[in-house]
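# Residue-level structural notes
Spelled out from the first residue to the last, the chains are:
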Amino acid sequence: MGSYIVQRLALLVPTLIGISLMGFLVTRLAPGDPAELRAAGGLGGAREAALSRGKQSAVDEAMAQWRAQYGLDRPLHVQYGIWLKNLVTLDFGESFKDNQPVWNKILERLPVTIKLNIFSILLVYVIAIPLGIYSATHPNSWSDQTATFGAFVLFAVPLVWAATMAIVFICGGDFLYLFPPAGLTSLDYAPDWPWWEKVADQAWHLFLPVVLLSYDGFAGLSRYMRASMLEVLSQDYVQVARAKGVSERIVVLKHVMRNSLIPMVTILASILPGLIGGSIIIETIFSIPGLGQLGYEAVLARDYPIVMALFTVSALLTLLGILLSDLLLAVVDPRIAFGRRAQ
Amino acid sequence: MSPGPSGGDTGTALGSEAGLAKTDGGGEGLWIYVWRQFKRNSLALSAFYAVCLLLLTALSADFLANDKPYYLKYRGQSYFPILRGYLVQMGLAKWPAELLNVDFKKLESEKALFPPVPYRASNIDLTAPFESPSGPHWLGTDKLGRDVMAGIIHGSRISLSIGFVAVGIALVVGVVLGALAGFFGSWVDMIISRLFEIMLSLPTFFLLITLAAVLPQSIFITMAVIGLTGWVGIGRFTRSEFLRIRNLDYVTAALALGVPNRRVMFRHILPNALAPVLVSVVLGVAGAILLESSLSFLGIGVPADTVTWGSILNEARSNTFAWWLAVFPGAAIFITVLGYYLVGEGLREALDPRLRGSR
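Here is what the cut-offs are and how they apply
- Residues numbered from 1 in each chain as written.
- Chains lettered and ligands numbered in written order.
- Predicted model: local features only at pLDDT ≥ 70, side-chain atom pairs only at ≥ 80, totals over all residues.
- Helix = DSSP H or I, 4+ residues; strand = E, 2+ residues; numbered from the N terminus.
- Buried ≥ 20, exposed ≤ 12 C-beta atoms within 10 Å, placed from the backbone.
- Contact = placed C-beta atoms within 7 Å.
- Pairing = 2+ DSSP bridges.
- Axes fitted to C-alpha atoms, helices over the stretch in contact; angles between N-to-C directions.
- Domains from an automatic or database assignment.
- Core = buried A, V, L, I, M, F, W, Y, C linked by C-beta atoms within 7 Å.
- Parallel < 35°, antiparallel > 145°, perpendicular 65-115°, else oblique.
- Left-handed = near helix turned anticlockwise from the far one by under 90°.
- Nonpolar A, V, L, I, M, F, W, Y, C, P; charged D, E, K, R; others polar.

## What to know about the overall build of chain A
From N to C terminus, chain A includes 14 helices and zero strands. Helices (α) and strands (β) of chain A occur, in sequence order from the N terminus, as α-α-α-α-α-α-α-α-α-α-α-α-α-α. Going through the 343 residues of chain A one by one, you find that 36% of them count as buried.

As structure tokens, this is what we get:
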């Protein structure tokens with residue numbers, strides 16, 4: 001198993017390089033120059049200096065200086081080489097915006113996004129699995145068909161719509177105020193609150209973002225679970241168990257469910273990248289200071305070091321998610337041997 | 001993306017045999033058979049009609065919501081301003097001096113026949129911002145007094161055209177790469193499969209907003225960006241279909257007869273590989289529409305002065321009292337996406353040989 005993991009980790013390297021190269025080219029070849037944005041936006045001192053002298057040449061000089069500071073004046077392949085070299089020491093450079101190390105900014109925001117995503121994945125599985133089991137044990141019944149149609153409808157609900165509707169109708173505004181419209185904690189949140197109040201306040205803030213992040217996940221996953229259950233239910237060993245007189249409850253929950261959970265493990269890997277994408281929208285709408293919001297702001301400001309770092313980190317998370325689900329698959333299904341899995 | 005509404009990857013295995021229906025079955029073409037199967041599913045069929053209606057709406061948007069009348073009688077002269085508008089755009093006609101840049105609604109005409117929604121999506125009316133749904137404005141107005149109903153009708157054009165063109169681009173890229181990988185195998189397959197893997201582990205949505213934000217704002221660039229980031233699913237379907245069909249006897253026979261590779265790939269294999277790909281194309285249109293609405297909701301991609309479903313929805317975020325700005329454009333996206341999902345699902349079932357003869 002150890003050598004298999006090493007082998008898989010080694011295969012991650014070319015994929016990661018490919019991804020970072022793609023991210024690099026996208027950001028660098030696009031029209032528009034961060035130096036110009038910086039000069040126009042007045043992020044640095046260059047603009048004031050130029051205005052006081054009223055000379056365009058000063059602006060140009062400041063921008064050239066700034067470009068040199070960040071290595072933007074060098075040829076592209078050199079820039080990429082330097083970026084790769086720094087990556088080895090986990091140095092993603094400094095943000096164009098405030099010169100803070102990118103790595104610190106990411107570490108600061110990572111816990112929020114991870115918290116959001118872990119709760120969402122939990123919610124997805126907690127709802128989807130029982131729902132899928134129920135649908136599969138009552139196939140084509142009225143309730144199964146309702147669940148199937150319901151899953152379809154949920155799946156088609158655009159996240160931006162669901163979130164906007166929530167903001168308009170149940171987050172203050174002119175209608176109900178059931179949930180907070182922004183942030184992770186209340187404004188008067190204080191460290192000296194008793195722990196249950198802290199938990200309650202955070203749960204109250206997290207509830208809507210988590211539900212919104214997960215609804216299409218559990219709609220899809222419950223259908224997968226249903227299909228997987230139905231497939232296992234039609235197998236001979238289930239017939240044998242029933243013929244032996246095992247109660248239907250035990251047949252379903254013990255004999256069938258265990259085997260039908262196997263594909264659920266692999267699906268974990270395919271949910272992960274979707275959740276990270278979804279958190280861009282949710283974190284922006286609910287003003288949650290996570291990676292998604294950081295990424296969105298960095299993209300708008302052309303803060304390349306942050307964009308590149310987020311590309312790499314989220315691709316790495318996704319690749320590790322795939323690896324993890326492959327390993328888990330081999331753990332839950334002994335028929336699968338390491339290293340001999342077909343692609 | 002998260003897993004599809006149902007089935008997902010299993011679609012390949014299910015749909016694959018249906019692709020061969022041409023060769024069995026008493027001379028009945030595959031698509032006639034599929035249509036017959038599809039019609040049995042009343043839900044999918046009604047969704048299909050709804051999707052057609054939507055297409056019709058997009059095509060006739062100028063006749064449904066327009067600030068020009070169909071027919072105008074002015075100073076004893078008869079005009080057809082909407083039709084004339086088309087001719088003027090094409091450079092075949094000119095507006096008569098008295099009708100140039102006039103507001104037709106304020107014109108003292110003898111007779112004017114307006115479309116059901118007498119506004120264009122871009123008609124700004126600063127005297128009537130944030131009107132709630134009522135008399136003249138069926139679905140209300142936004143902060144610039146633009147009619148929401150007109151915005152939704154004209155927005156359907158943008159949504160659908162982005163959906164179709166983006167999926168068209170994805171289809172071409174995906175089919176070509178998948179066909180090359182599946183047909184030639186060995187190192188070609190290895191390189192292309194690595195590319196699939198990279199695209200799969202890329203944070204697609206993040207890549208999408210990065211591209212849409214750094215490139216100039218334009219509908220065409222948005223189409224290209226959505227298409228170029230969305231071909232992986234189609235590529236993988238095509239590859240696995242080609243891998244399977246490549247080893248069938250008729251392909252071996254064609255190759256043995258000396259038919260050139262390109263002809264074998266695109267004339268002999270592709271038609272049989274397309275059936276399962278079609279399902280992901282239909283679902284892809286829905287996906288592209290969803291992506292476009294998310295992009296314009298975030299204010300990137302489509303130019304800011306273009307009214308789209310996503311951009312109307314975005315206004316509701318900062319003006320939470322204007323519930324009509326949230327409800328209606330979102331419902332338009334939802335109904336469109338649901339329609340395409342249901343059609344795609346019906347198609348998947350119609351192509352599924354295991355369901356043949358049942359129901």
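After that view, the rundown keeps rolling.
## Some points on the overall build of chain B
A tally of regular secondary structure across chain B gives 14 helices and three strands. Taken along the three principal axes of its C-alpha coordinates, chain B extends 75 × 45 × 45 Å. The 359 residues of chain B split such that 49% are buried. For chain B, restricting intrachain contacts to residue pairs at least 6 apart in sequence, the fraction spanning at least 24 positions comes to 72%.

## Concerning the sheet that holds strand S2 (residues 77–79) of chain B
All names here are of chain B. Taken in spatial order, the three strands make up an open sheet running S2-S1-S3, and their pairing is antiparallel. The two strands at the open ends of the sheet, each matched to only one other strand, are S2 and strand S3 (111–113). Geometrically, the sheet is characterised by an average inter-axis angle of 15 degrees between neighbouring strands, direction not taken into account. Pairing between strand S1 (residues 71–74) and S2: three bridges, direction antiparallel. Across the sheet, residue Tyr74 finds its bridge partner in S2, namely Gln77.

## Overview of the domain arrangement of chain B
In terms of domains, chain B is made up of domain 1 (8–61 + 150–351) and domain 2 (67–114). Taken over C-alpha atoms, the centre of domain 1 of chain B sits 40 Å from the centre of domain 2 of chain B.

## Comments concerning unusual backbone geometry
Positive phi, close to 60 degrees, is recorded for Asn140 of chain A, a residue that is not glycine. With respect to the helices and strands, Asn140 of chain A occurs in the loop between helix H6 (102–137) and helix H7 (142–156). Classification of Asn140 of chain A by C-beta neighbours within 10 Å gives exposed; the count is 8. Even without being glycine, Ser186 of chain B reaches a positive phi, approximately 40 degrees. For Ser186 of chain B, the location among the structural elements is in helix H7 (residues 186–201). Overall, the presence of 8 C-beta atoms within 10 Å leaves Ser186 of chain B in the exposed class.

## Regarding the interface of chain A and chain B
Contacts between the two partners involve 55 residues from chain A, matched on the other side by 43 residues from chain B. Contributing elements (two or more residues each) for the side of chain A that touches chain B: helix H1 (2–29), H7, helix H8 (159–170), helix H9 (195–233), helix H12 (262–285), helix H13 (291–301) and helix H14 (304–332) of chain A. No other element matches H12 of chain A, which puts 11 residues into the side of chain A that touches chain B.

## Quick look at the nonpolar core
Counting 164 residues, the largest nonpolar core has Ala163 of chain A together with Ile209 of chain B as the members making the most contacts within it. Once residues within four sequence positions are removed from consideration, Ala163 of chain A is found in contact with Leu212, Ile281, Ile282 and Ile285 of chain A.

## Let's talk about helix H8 (residues 204–214) of chain B
Counting along an α-helix, one turn takes 3.6 residues, and residues three or four places apart therefore face a common direction. Counting buried residues along H8 of chain B, 11 of its 11 residues qualify, which places the element largely inside the surrounding structure. Those residues of H8 of chain B that sit buried are Thr204, Phe205, Phe206, Leu207, Leu208, Ile209, Thr210, Leu211, Ala212, Ala213 and Val214 of chain B.

## Let's talk about the packing of helix H12 (residues 261–297) of chain B against helix H13 (residues 309–318) of chain B
Residue and element names in this part refer to chain B. One can describe the packing of H12 onto H13 by two numbers: an axis separation of 7 Å at closest approach and a directional angle of 45 degrees. As judged from the angle between their axes, H12 and H13 are oblique. For the crossing formed where H12 meets H13, the hand is right-handed. In contact with Glu292, Ser293, Ser294, Leu295, Ser296 and Phe297 of H12, H13 contributes Trp309, Gly310, Ser311, Leu313 and Asn314. Across the contact of H12 with H13, the residue classes tally to four nonpolar, six polar and one charged.

## A word on the environment of Gly76 of chain B
Mapped onto the secondary structure, Gly76 of chain B falls in the loop between S1 and S2. As a C-alpha pair, Gly76 of chain B and Ala58 of chain B span 18 residues in sequence and 34 Å in three-dimensional space.

## As for the pairing of S1 of chain B
All names here are of chain B. Across the two faces of S1 the burial differs, with Leu72 and Tyr74 buried and Tyr71 and Lys73 not buried at all. For S1 and S3, the ladder comprises three bridges, and the chain directions are antiparallel. From the neighbouring strand, Leu72 faces S3, where its bridge partner is Ala112. Between S1 and S2, which pair antiparallel one after the other, the connecting turn spans two residues, and Arg75 there sits at a positive phi close to 50 degrees.

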